[in-house]
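# Structural characterization, general
Read off the chains here:
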Amino acid sequence: MENEIILESRNLSKGFGGLVAVDDVSIQIKKRTMHAIIGPNGAGKTTLFNLLSGVMPPTSGQVFYKNQDITHITPQKRAHLGIGRSYQITNIFSNLTALENIRLAAQAMGKDSFKILRLASSFQAYIDKAQEIIDLVGLTGRQMVLARNLPHGEKRKLELGIMLACDPELLLFDEPTAGMSSEQVPELIEIIDKVVHLKERTAILVEHRMDMVMSISDTVTVMNQGKILAEGSPHEITNNPQVQTAYLGDLYGELA
Amino acid sequence: MTEKPITMEPVTKKTTISSLINRERGFLIFIAIMILFPFVMNWITGTGLNEGITKFWQGQFITFFIMAVFAMSYDLLIGYGGILSFGHAASFGGGAYAFALLMKHWAPNFMSQYRILIGSLDITQTIVLIFVFLIVLLVSILIGLLFAATSIRLKGTYFAMLTLAIGQALFILIKATDFHEWTGADEGLHGVPLPVWLNPTQNRLTVYFITLVFLFGSYLLMKRMTNSPTGHVVVANRENEDRMRMIGYNPVSFRTVAFVISSVFAGVAGALYSIWNMSATPNMLSAVTTVDALIMTILGGMGTLIGPIIGAGISQVIQQFFYTWFGARWPLVFGLLFMLIVIFLPYGIVGTWRLKRLDIKEGWHRFVGLFKIQKDQS
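Residues numbered from 1 in each chain as written. Chains lettered and ligands numbered in written order. Predicted model: local features only at pLDDT ≥ 70, side-chain atom pairs only at ≥ 80, totals over all residues. Heavy atoms only, no water.

## Here we look at the overall build of chain B
Within chain B one finds 16 helices and 4 strands. Here the C-alpha coordinates of chain B stretch approximately 80 × 50 × 50 Å along the principal axes. Intrachain contacts of chain B at a sequence separation of at least 6 include 73% that bridge at least 24 residues. Entry remark: accessible area of chain B is about 18200 Å², with carbon and sulfur atoms responsible for 69%. Positive and negative side-chain charges of chain B, numbering 26 and 17 respectively, have mean locations separated by a distance of 8 Å. (Helix = DSSP H or I, 4+ residues; strand = E, 2+ residues; numbered from the N terminus. Contact = heavy atoms within 4.5 Å. Areas by Shrake-Rupley, 256 points an atom, 1.4 Å probe, with all protein chains shown as cover. Lys, Arg positive; Asp, Glu negative; His and termini not counted. Charge placed at Lys NZ, Arg CZ, Asp CG, Glu CD.)

## A few points about the sheet that holds strand β9 (residues 219-224) of chain A
Residue and element names in this part refer to chain A. The strand order β6-β7-β8-β3-β9-β10 describes an open sheet built from 6 strands, whose pairing is mixed. The sheet is open, and its two edges are formed by β6 (83-86) and β10 (227-232), each paired on a single side. The average undirected angle you get between the axes of adjacent strands in this sheet is 15 degrees. Pairing of strand β7 (residues 170-174) with strand β8 (residues 202-207), which is carried by 5 bridges, proceeds in the parallel orientation. (Pairing = 2+ DSSP bridges. Axes fitted to C-alpha atoms, helices over the stretch in contact; angles between N-to-C directions.)

## Things to note about the packing of aromatic side chains
Counting across every chain of the model gives 32 aromatic pairs over all chains. A centroid spacing of 6.2 Å and a plane angle of 25 degrees characterise the contact between Phe 39 of chain B and Phe 209 of chain B, whose relative ring orientation is stacked. Residue Phe 39 of chain B is located in helix α2 (residues 25-45), and its partner Phe 209 of chain B is located in helix α8 (residues 204-226); the two are separated by 170 residues in the primary sequence. Given a relative accessible area of 39%, Phe 39 of chain B falls into the partly exposed group. We classify Phe 209 of chain B as partly exposed; its relative accessible area is 23%. In this structure, Arg 10 of chain A packs its charged tip against the face of Phe 64 of chain A, placed 4.0 Å from the ring centre. Across from the ring centre of Tyr 87 of chain A, 4.5 Å away, lies the NZ or CZ of Arg 85 of chain A, which sits over that ring. (Phe/Tyr/Trp six-rings, centres within 6.5 Å; stacked < 30°, edge-to-face > 60°. Buried < 20%, exposed > 50% of the residue type's maximum accessible area, 1.4 Å probe, protein only. Lys NZ or Arg CZ within 6 Å of the ring centre and 35° of its normal.)

## What to know about the packing of α8 of chain B against helix α11 (residues 251-277) of chain B
Residues and elements named next belong to chain B. Contact pair α8 / α11: the axes reach a minimum separation of 11 Å and the direction vectors enclose 175 degrees. In terms of their interaxial angle, α8 and α11 are classed as roughly antiparallel. Every residue of α11 that contacts α8 at Arg 204, Ile 210, Thr 211, Phe 214, Ser 218, Leu 221, Met 222 and Met 225 is listed here: Ile 261, Phe 265, Val 268, Ala 269, Leu 272 and Trp 276. (Parallel < 35°, antiparallel > 145°, perpendicular 65-115°, else oblique.)

## Things to note about the domain arrangement of chain A
All names here are of chain A. Domain assignment breaks chain A into domain 1 (1-82 + 168-256) and domain 2 (91-167). Here the C-alpha centre of domain 2 lies 26 Å away from the C-alpha centre of domain 1. Listed as interface residues are 23 residues of domain 1 and, on the opposing side, 13 residues of domain 2. Taken together, the two surfaces of domain 1 and domain 2 that pack against each other cover about 1400 Å², and 65% of this comes from carbon and sulfur. Put simply, domain 1 and domain 2 have 3 salt bridges between them. In this structure, Asp 167 and Lys 199 form a salt bridge, with 3.6 Å as the shortest nitrogen-oxygen distance. In this assembly, domain 1 and domain 2 are joined by 5 residue pairs in polar contact (both at pLDDT 80 or more). Elements with a contribution of two residues or more to the side of domain 1 that touches domain 2: α2 (75-81), β7 and α6 (185-198). The biggest single contributor to the side of domain 1 that touches domain 2 is α6, with 7 residues. (Domains from an automatic or database assignment. Buried area = accessible area lost by both parts, 1.4 Å probe. Salt bridge = Lys/Arg side-chain N within 4 Å of Asp/Glu carboxyl O. Polar contact = N/O pair within 3.5 Å; in protein donor to acceptor, adjacent residues only side chain to side chain.)

## Comments concerning the interface of chain A and chain B
Contacts between the two partners involve 42 residues from chain A, matched on the other side by 37 residues from chain B. Across the interface of chain A and chain B, roughly 3300 Å² is buried in total on both sides, 60% from carbon and sulfur atoms. Across the chain A-chain B interface, the total number found is 1 salt bridge. At the boundary of chain A and chain B, one finds 18 residue pairs in polar contact (both at pLDDT 80 or more). At the level of elements, α2, β6, α3 (98-109) and α5 (152-165) of chain A are the ones that each hand at least two residues to the side of chain A that touches chain B.

## What to know about α2 of chain B
Residues and elements named next belong to chain B. For α2, with 21 residues, the first-to-last C-alpha span of 29 Å sits near the 30 Å given by 1.5 Å per residue. Bending of α2 peaks at approximately 45 degrees at the position of Phe 37, with proline Pro 38 no more than four residues after it. Looking only at α2, the buried set comprises Phe 27, Phe 30, Ile 31, Met 34, Phe 37, Pro 38 and Met 41. Considering only its buried residues, α2 is in contact with α3 (52-80), α8 and α13 (306-326). Phi turns positive one or two residues past the end of α2, at Gly 46, with a value near 80 degrees. (Expected span 1.5 Å × (residues − 1). Bend = angle between axes of the 7 residues up to and from the residue.)

## Describing the sheet that holds strand β5 (residues 68-69) of chain A
Residues and elements named next belong to chain A. A sheet is described by the order of its strands in space; here 4 strands give the open sequence β2-β1-β4-β5, paired in antiparallel fashion. In this open sheet, the two edge strands, each paired with only one partner strand, are β2 (19-30) and β5. On top of the sheet, helix α1 (residues 45-53) reaches β1 (5-16), β2 and β4 (60-65); it is set at about 120 degrees to β1, its chief contact.

## What to know about the pattern of salt bridges
Under the counting rule described, the total for this entry stands at 20 salt bridges over all chains. The closest approach of N and O atoms between Arg 238 of chain B and Glu 239 of chain B, which form a salt bridge, is 2.9 Å. For the residue pair Arg 238 of chain B and Glu 239 of chain B, the accessibility class agrees, reading buried in each case. Through salt bridges with shared partners, a single network forms among Lys 129, Asp 167, Lys 199 and Arg 201 of chain A.

## Details of a nonpolar patch on the surface
Residue and element names in this part refer to chain B. On the surface, Ile 35, Leu 36, Val 40, Trp 43 and Ile 44 cluster together into a nonpolar patch covering about 560 Å² of accessible area. Mapped onto the elements, Ile 35 comes out in helix α2. Among the residues examined, Ile 35 registers a relative accessible area of 38% and is labelled partly exposed. (Patch = residues over 30% accessible without salt bridge, like charges linked within 9 Å, V, L, I, M, F, W, Y side chains within 5 Å.)

## Quick word on the confidence of the model for chain B
Scored by pLDDT, chain B comes out at a mean of 89, with 94% of its residues at no less than 70. With pLDDT under 50 throughout, residues 1-10 of chain B is counted as low confidence; its partners more than four residues away or in other chains account for 22 contacts. (pLDDT = per-residue confidence, 0-100.)

## What to know about α5 of chain A
Residue and element names in this part refer to chain A. For α5, which comprises 14 residues, the first-to-last C-alpha distance of 20 Å matches the rise-based estimate of 20 Å (1.5 Å per residue) to within 8%. Within α5, 12 of the 14 residues are buried, which leaves it mostly tucked inside the rest of the structure. By the burial criterion, the buried members of α5 are Gly 153, Glu 154, Arg 156, Lys 157, Leu 158, Glu 159, Leu 160, Gly 161, Ile 162, Met 163, Leu 164 and Ala 165. Backbone geometry just downstream of α5 places Asp 167 in the positive-phi region, at approximately 50 degrees.

## Details of the side chain of Lys 14 of chain A
All names here are of chain A. Counting through the fold element by element, Lys 14 comes out in strand β1. The side chain of Lys 14 is buried and forms no salt bridge, while Asp 23, the nearest opposite charge, is found at 13 Å. Leaving out residues up to four positions away in the same chain, Lys 14 has contacts with Leu 19, Val 20, Ala 21, Val 22, Thr 47, Leu 51, Met 56, Pro 57, Pro 58 and Thr 59.

## Notes on unusual backbone geometry
Located in the positive-phi region is Arg 32 of chain A, a residue other than glycine, with phi close to 55 degrees. Within the chain, Met 278 of chain B stands out as a residue other than glycine whose phi angle is a positive 55 degrees. Mapped onto the elements of the fold, Met 278 of chain B is located in the loop between α11 and β4 (279-280).

Right, dumping it as structure tokens:
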């Protein structure tokens with residue numbers, strides 16, 4: 001039970017023309033863990049993510065979710081299976097209010113979306129749920145603001161909220177702190193940490209910010225040039241000489 | 001295309017008669033005026049309800065009511081769903097032809113052979129009309145599904161081009177001389193036989209009220225639909241299809257719903273238009289008819305429903321007066337006026353009103369920008 005696998009990829013590859021972005025990646029995500037995928041730009045992190053969330057089909061290999069082959073299942077069906085995804089580039093419904101953004105996601109999980117002669121506002125459960133998530137991600141008081149008028153940091157929170165409203169078991173975070181100033185980052189990390197542990201969810205996190213990843217994840221996978229370079233606990237990874245030279249060394253060396 | 005207007009509906013828990021009156025005050029006043037109009041006209045001018053200037057203006061309003069519903073049905077697609085289709089006239093013309101063809105070629109035959117009676121009451125005519133309207137609905141649904149099918153794989157400009165192609169293909173098909181015997185080819189179908197009570201020359205007031213009720217019902221129904229859970233998801237499709245997919249909606253299903261509903265309203269509007277003119281002509285299927293709806297929608301404000309009604313009214317009035325002022329050259333003047341409207345009121349009349357942001361200065365900058373030669377920055 002403790003080491004149950006929720007998501008697994010087997011020999012997953014994706015090529016764009018001559019370029020192999022993801023090369024024969026086999027990765028196992030254990031239930032109720034925070035699993036970080038790190039690597040330099042162009043390492044294939046986002047492509048791997050797109051394969052796991054079903055945005056693009058792999059060239060070869062398979063993806064399993066709870067021992068079910070989901071390689072060729074559409075993103076909308078994956079959402080109903082319990083896989084949620086946030087985007088690196090903010091991807092929200094710009095001309096709708098923050099509340100409506102999240103309410104739509106909550107409604108997607110129900111069975112009322114084709115009730116064309118009922119009022120959307122009469123389904124109080126979705127509104128309540130959206131309100132609850134608004135509070136959870138720290139957007140209290142901002143629910144009636146149009147999404148496009150929110151500052152960047154709040155858009156990132158909204159992005160997170162939309163994903164949470166689908167009540168996913170597995171959360172895929174694609175650089176949740178992208179473009180945020182370093183003062184804003186700790187707050188968002190705290191929220192992520194909270195929502196993941198609140199309902200014993202599993203999370204996969206693609207990140208650039210090494211410090212953040214190390215402090216909250218249970219397992220870290222390092223990718224480089226489409227391949228897995230190393231995998232282990234944050235402690236193991238920081239002490240892995242291979243990783244240090246190939247990747248961490250550069251970054252920390254510059255910073256130090 | 002500029003940014004989409006903002007649709008923010010007041011939050012209401014449920015619709016009661018009083019809340020409806022409160023929200024739709026303007027629209028209800030407009031309907032009330034329209035109900036009173038023939039009688040007031042009759043009283044002022046002294047001409048009978050079914051003759052002279054009173055009758056003439058009823059005719060103008062009948063066209064306006066029908067075009068308003070057609071424009072609203074287009075707004076469902078473009079304003080709410082963010083779907084730019086150049087083949088919307090196919091639904092309008094399709095409904096009109098379905099109606100005219102059956103009334104002309106099938107109904108007289110059927111009525112000469114069969115009688116449907118309840119006791120001694122002859123209801124053949126009513127049954128025939130109901131049946132014909134059911135076929136109109138069926139045809140509109142099929143046309144809606146056809147366009148929905150094209151949107152499965154194509155997006156943006158490619159989709160718009162294909163809808164134009166399908167629309168024009170149907171336009172050419174209906175003009176084909178091969179089917180002259182049935183469709184009348186270029187001339188279309190004229191002299192569609194109608195029951196006396198529905199004949200617009202003999203009983204114009206009846207047609208006036210039928211089309212008014214149609215406008216009233218269509219508006220309230222469409223408003224309800226856009227406020228439904230489904231309507232909200234259709235708006236999400238306009239905003240961000242990718243994200244919509246990722247939270248578990250199938251965009252194709254919702255686009256199909258939008259296409260079919262929009263097509264049904266357009267189809268019934270087309271059938272009523274062919275009652276009003278007692279004819280169906282190829283022009284009703286042409287891209288020009290779609291562009292008319294597009295102009296009305298943009299003029300009034302996309303994604304507002306009330307906007308297309310206002311747009312249809314304005315376009316009707318402009319057509320009338322511009323023709324007397326400028327003769328055959330009126331579309332040229334209207335074109336220039338339309339350009340100015342788009343520059344100064346990018347959200348349309350209703351959109352600008354709701355945003356409370358009439359920015360003449362910004363509009364002026366856009367206007368001057370048209371004449372500036374773009375300097376190469378590099």
